[in-house]
Amino acid sequence: EALNGLGTLAVARDRPADALPLFERALTLAPAQHEIRLNRGIALDLLGRRAAAIAAYRDFLAAAADTPELAEQRSAARRLLARLAGPAAGAAPGGR
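Residues numbered from 1 in each chain as written. Predicted model: local features only at pLDDT ≥ 70, side-chain atom pairs only at ≥ 80, totals over all residues. Heavy atoms only, no water.

Participant: Looking at this model, I keep getting lost on the pattern of salt bridges. Mind explaining?
Facilitator: A complete count under the given rule lists four salt bridges for this structure. Measuring nitrogen to oxygen at the nearest pair gives 3.4 Å for the salt bridge that ties Arg37 to Asp59. Of this pair, Arg37 sits in helix H3 (residues 35-46) while Asp59 sits in helix H4 (residues 50-63); the two residues are 22 residues apart in sequence, bridging distant segments of the chain. Note on Asp59: relative accessible area 36%, which makes it partly exposed. The salt bridge involving Asp45 is made with Arg83; its shortest N-O contact spans 2.3 Å. Of the two residues, Asp45 sits in helix H3 while Arg83 sits in helix H5 (residues 71-85), which places them 38 residues apart along the sequence. Judged by relative accessible area, Asp45 falls into the buried class, the value being 15%. (Salt bridge = Lys/Arg side-chain N within 4 Å of Asp/Glu carboxyl O. Helix = DSSP H or I, 4+ residues; strand = E, 2+ residues; numbered from the N terminus. Buried < 20%, exposed > 50% of the residue type's maximum accessible area, 1.4 Å probe, protein only.)

Here is the structure:
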């Protein structure tokens, strides 16, 4: 969680390039912390790495599909994904 927090802080300070390796390491150490996937997608998005950001948002949506406490984050990920890939891209099976 510390690495995710440091990455989030780097993004907030408009330093997504510094955040990305923190999120990558955080995912390695805590793959069940699905919110890291979303944060990684945001950093990739801010870096202009569209295809990688789309993949990260989709990865987050798939990983967090059955996690009720991440409903708000799933909604945000769908909006971000739709902005990058079009409205149908954010649709998840079962309307989640």
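Participant: Explain the environment of Arg74 here, please?
Facilitator: Position of Arg74 relative to the elements: it lies in helix H5. What makes Arg74 buried here is its relative accessible area of 10%. When the C-alpha positions of Arg74 and Glu35 are compared, they lie 9.4 Å apart, and in sequence the two are 39 residues distant. Setting aside its immediate chain neighbours within four residues, Arg74 contacts Phe60, Leu61, Ala64, Ala65, Thr67 and Pro68. Among the polar contacts made by the side chain of Arg74, one reaches the main-chain carbonyl oxygen of Thr67 at a distance of 2.6 Å. (Contact = heavy atoms within 4.5 Å. Polar contact = N/O pair within 3.5 Å; in protein donor to acceptor, adjacent residues only side chain to side chain.)

Function cannot be read off these values alone, since they describe shape.
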